[in-house]
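Listed below are the residues making up each chain.
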Amino acid sequence: MLDLRLVRENLAEIQRRLALRGPDAGAILSDFKEVDERRRDAITRSEALKAERNALSAQVAQLKKSGTPAEEQMQRTRSLKDEIERCQAEVLQSEQQMQNLLQQVPNVPHASVPHGTSAEDNVEVRRWGTPRNFEFSPKPHWEIGERLGVLDFERAAKISGARFAVYWDEGARLERALANFMLDTHTREHGYREVLPPFMVNATSLFGTGQLPKFQEDLFRCEGSDHWLIPTAEVPVTNLFRDEVLEESQLPISLVAYTPCFRAEAGSHGKDVRGLIRQHQFQKVELVKFSRPEDSYEEHERLTGHAEAILQALNLPYRVVSLCAGDLGFSAAKTYDLEVWLPGQNVYREISSCSNFESFQARRASIRFRPEGQKKIEFVHTLNGSGLAVGRTWLAVMENYQQADGSVRIPDVLVPYMNGETAIRPR
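A brief report on the enclosed structure follows. In every chain, residue numbers begin from 1 and rise along the written sequence. The predicted origin of the model limits local features to residues at a pLDDT of at least 70 and limits the giving and counting of side-chain atom pairs to 80 or more, whereas totals for whole chains, interfaces and linings rest on all residues. To obtain the side-chain values, all non-hydrogen atoms of the structure were included, while hydrogens and water were left out.

As for the overall build of the protein chain
Strands here mean DSSP runs of E at least two residues long; helices mean DSSP runs of H or I at least four residues long; both are numbered from the N terminus. Counting secondary structure elements, the protein chain contains 13 helices and 18 strands. Taking the principal axes of its C-alpha atoms as reference, the protein chain extends roughly 105 × 45 × 40 Å. Exposure categories follow from relative accessible area, calculated using a 1.4 Å probe and restricted to protein chains: below 20% of the type maximum is buried, above 50% is exposed, and the middle band is partly exposed. Counting all 427 residues of the protein chain, 50% fall into the buried class. Contact definition: two residues touch when any of their heavy atoms are within 4.5 Å. Partitioning the intrachain contacts of the protein chain with sequence separation of at least 6 by distance along the chain shows that 73% fall at a separation of at least 24. Here the protein chain displays about 20600 Å² of accessible surface, and carbon together with sulfur accounts for 47% of that area. The positive charge centre, built from 54 side chains, and the negative charge centre, built from 61, are 2 Å apart in the protein chain. Computed with the Shrake-Rupley method and a 1.4 Å probe, the accessible areas treat only the protein chains shown as cover for residues. Counted as positive: Lys and Arg. Counted as negative: Asp and Glu, with His and the chain ends omitted from the count. By convention, the charge on Lys lies at NZ, on Arg at CZ, on Asp at CG and on Glu at CD.

Details of the sheet that holds strand 6 (residues 220-221)
Here, a strand pair is defined by DSSP locating no fewer than two bridges between the strands. With antiparallel pairing, the 3 strands of this open sheet are ordered in space as 5-7-6. The sheet terminates laterally at strand 5 (200-201) and strand 6, the two strands that pair on one side only. As judged from the 2 bridges shared by strand 6 and strand 7 (residues 228-229), these two strands associate in the antiparallel manner. The partner of Phe220 across the bridge, within strand 7, is Leu229.

Details of the packing of aromatic side chains
Any Phe, Tyr or Trp ring, taking Trp's six-membered ring, that has another such ring centre within 6.5 Å forms a pair; planes under 30 degrees apart are called stacked, those over 60 apart edge-to-face, and the others tilted. In the structure shown here, the tally under the stated rule is 8 aromatic pairs. For the pair Phe181 and Tyr417, a centre-to-centre distance of 6.1 Å together with 75° between the ring planes defines the contact as edge-to-face. Here the residue Phe181 occupies a position in helix 8 (residues 169-188), and Tyr417 occupies one in the loop between strand 17 (408-409) and strand 18 (423-424), the gap between them amounting to 236 residues. Taking relative accessible area as the criterion, Phe181 reaches 8% and is therefore assigned buried. Where Phe330 meets Phe360, the ring centres are 5.7 Å apart and the plane angle is 80°; that geometry is what we call edge-to-face. A residue pair is termed long-range when its members are at least 10 positions apart, and Phe330 in the loop between strand 11 (318-322) and strand 12 (334-342) and Phe360 in helix 12 (residues 360-365) qualify at 30 residues. The pair formed by Phe330 and Phe360 is uniform in burial state, with each residue classed as buried. Taken together through their ring pairs, the aromatic side chains of Phe215, Phe330 and Phe360 make up a single cluster. When the ring centre of Phe207 is taken as reference, the NZ or CZ atom of Arg364 above it lies at 4.1 Å. Only when the NZ atom of a Lys or the CZ atom of an Arg is both within 6 Å of the ring centre and within 35 degrees of the ring normal do we say a charge sits over the ring.

Re helix 4 (residues 32-66)
Here helix 4 contains 35 residues, and its C-alpha end-to-end distance of 51 Å stays within 8% of the 51 Å for a straight helix at 1.5 Å per residue. Within helix 4, the full set of buried residues consists of Phe32, Val35, Asp36, Arg39, Ala42, Ser46, Leu49, Leu56, Val60 and Leu63. Contacts from the buried residues of helix 4 go to helix 1 (4-9), helix 2 (11-18) and helix 5 (71-103). Directly beyond the C-terminal end of helix 4, a positive phi value near 80° is found at Gly67. One less than the residue count of a helix, multiplied by 1.5 Å, gives the span that helix is expected to have.

Concerning the nonpolar core
Here the nonpolar core consists of buried residues drawn from Ala, Val, Leu, Ile, Met, Phe, Trp, Tyr and Cys, with membership extended through side-chain atoms lying within 4.5 Å. Counting residues in hydrophobic clusters, the biggest one holds 48 residues, and the most contacted among them are Leu174, Leu178, Trp394 and Met398. Ranked by residues supplied to this core, first place goes to helix 8 with 7 residues.

A closer look at the pairing of strand 11
For strand 11, a buried count of 4 out of 5 residues is recorded, marking the element as mostly surrounded by other parts of the structure. Note that strand 1 (residues 123-128) and strand 11 share 5 bridges and pair antiparallel. Following the sheet pairing, Arg126 is matched in strand 11 by Val320. Pairing of strand 11 with strand 12, which is carried by 5 bridges, proceeds in the antiparallel orientation. When the bridges of strand 12 are listed, Arg319 appears paired with Glu339.

Thoughts on helix 2
Among all positions of helix 2, only Leu11, Ile14 and Leu18 are buried. Angular distribution of buried residues about the axis of helix 2 spans 65°; they occupy a single face of the element. Buried positions along helix 2 lie against helix 1, helix 3 (23-27) and helix 4. Comment: arc refers to directions from the helix axis out to C-beta atoms.

Observations concerning the environment of Gly420
Among the structural elements, Gly420 can be located in the loop between strand 17 and strand 18. Spatially, the C-alpha atoms of Gly420 and Ile410 are 9.6 Å apart, while their sequence positions differ by 10 residues.

Things to note about the side chain of Lys334
If you trace the backbone, Lys334 turns up in strand 12. Counting of polar contacts relies on pairs of N or O atoms within 3.5 Å, with two restrictions inside protein: one atom must be capable of donating a hydrogen and the other of accepting it, and residues adjacent in sequence are counted only when both atoms are side-chain atoms. Polar contacts involving the side chain of Lys334 include one to the side chain of Tyr336, which spans 3.3 Å. Residue contacts for Lys334: discarding those within four places in its chain leaves His110, Ser112, Val113, Tyr297, His300, Ser322, Leu328, Cys354, Ser355 and Asn356.

A few points about the pattern of salt bridges
Should a side-chain nitrogen of Lys or Arg be within 4 Å of a carboxyl oxygen of Asp or Glu, the pair is scored as a salt bridge. In this structure the tally under the stated criterion is 29 salt bridges. The salt bridge partner of Glu95 is Arg39, with a shortest N-O separation of 3.1 Å. Placement of the pair is Glu95 in helix 5 and Arg39 in helix 4, with a sequence separation of 56 residues. Judged by relative accessible area, which is 12%, Arg39 ranks as buried. Linking Glu265 and Arg278 is a salt bridge whose minimum nitrogen-to-oxygen distance equals 3.4 Å.

Here it is, written out as C-alpha cells:
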C-alpha cells in the first residue's frame with residue numbers, strides 16, 4: 001500500500017507513474033483529492049468540536065466553583081456530545097473510504113522499469129547457455145513423462161480433476177531431488193535460513209502481501225473458516241514478521257522455504273492446458289528477503305542471481321527479462337522473470353519471478369525496523385523470487401536432457417540426490 005502523505009504531496013507524479021501500468025491504474029486515484037479533503041475536513045471539525053467541549057467543561061467547573069449558574073454552558077456541552085458523535089462517525093466513514101481507495105492502488109513502478117503495456121514490451125536483459133542441438137525432434141515433457149511411466153495425468157484427473165498430476169517412481173524422486181538440491185544450495189552457498197511455514201494462512205496474511213482483497217478469485221478458501229491455501233510461500237514467510245519492529249542489525253534477513261502452492265488459475269481456461277505449466281497444485285522453493293530501503297535494489301540483483309545459479313548448476317539455458325510497467329504484478333515495483341528454454345515446445349517459459357516490493361507489502365503488514373541510533377522507525381523493503389518453481393524445473397530437465405532412445409539423462413549435480421542413478425529409462 002502506498003503512503004498517504006506521499007500520495008497527497010506528489011499526487012500528479014504518482015498518477016503519471018501509475019498510468020505507465022495502463023489507463024485503469026492511472027485512473028484509480030482520480031477521486032483521491034475529493035476523498036482526502038472530505039476526510040481532512042471531518043477530522044478538523046471533529047477536533048474543533050472536542051476543543052470547544054473541553055473548554056466549556058473547564059468553564060463549567062470554574063462557574064460551579066464560584067457558585068455561578070452554568071446551565072447554559074452545560075446545555076451546550078450536552079448538545080456538543082451529539083455533534084461530536086455524528087462528526088466522528090463521518091470521520092470513520094471517510095477514513096474507511098480512504099483505506100478502500102488506497103487498497104486498490106498498485107505499487108508505483110520503479111524508474112528503471114521499461115515502459116509498455118503487455119508482455120510483448122518486456123525487455124530481455126541477458127541470456128545464459130546455448131540451447132542444445134538435437135539429432136532428433138525433441139518431445140514435450142508430457143509425452144516424455146507418460147512414455148517413461150513417471151507422469152500420470154489420467155489418474156490425477158480421476159482423483160482430483162483437471163490441472164493436477166501424479167508423479168511415479170523416478171519422476172517423484174526427481175521432484176524431491178530438485179527441491180533438496182535447491183534448498184541445500186540456497187542454505188549452504190547463498191546464506192539463506194530455511195523455514196517450513198504453514199500451508200494455510202488467514203486473510204490478514206493475504207492482505208499483507210497483496211493477494212486480498214483484489215485477487216480473491218485466484219485463491220482456494222476452506223469453506224466456513226478463515227483458512228486459505230497458500231498460493232506461494234511468499235505469503236506465510238513475509239508475514240512471519242507482521243506487526244513487528246526489527247533491529248537494523250538484523251537486516252538483511254534472507255529466508256528460503258519449500259512448500260506446495262495452490263492456485264485457482266481463474267481466467268486461464270484454454271491456456272497451457274497440456275503438461276505441468278499451469279497446475280492447481282505445484283511445489284516451489286521460495287526466496288524471501290527483508291532489507292533496508294537503501295539496499296533493496298542491490299539485494300534484488302543478488303536474489304535474482306541466486307535463482308539463476310540453480311539454472312546454471314543444472315545447465316539449463318535461460319534468459320532474464322525485465323517486466324514492463326504494464327506487465328508488473330500488483331505489489332511489485334520491479335520484477336525480473338527468468339525464462340528457461342524448453343526445446344520440446346521451442347519456447348522460453350517463465351520459471352521464476354524475482355521482485356522488489358519496496359515498502360508496499362511492509363506497509364500493509366506493518367513490518368518495520370529501527371535504524372541504529374535513531375528513535376524513528378521505518379518500513380523495511382521486502383523482496384522475493386522463486387528459487388525455483390520445482391515442477392517447471394522438472395519439466396525443463398525432462399525436455400533438455402531427453403535422449404534419442406526415450407530416456408532422460410540426470411544432470412550431474414542431481415545424481416547424488418537420485419541415489420546414484422544417471423538416467424530415467426523406459427520401463
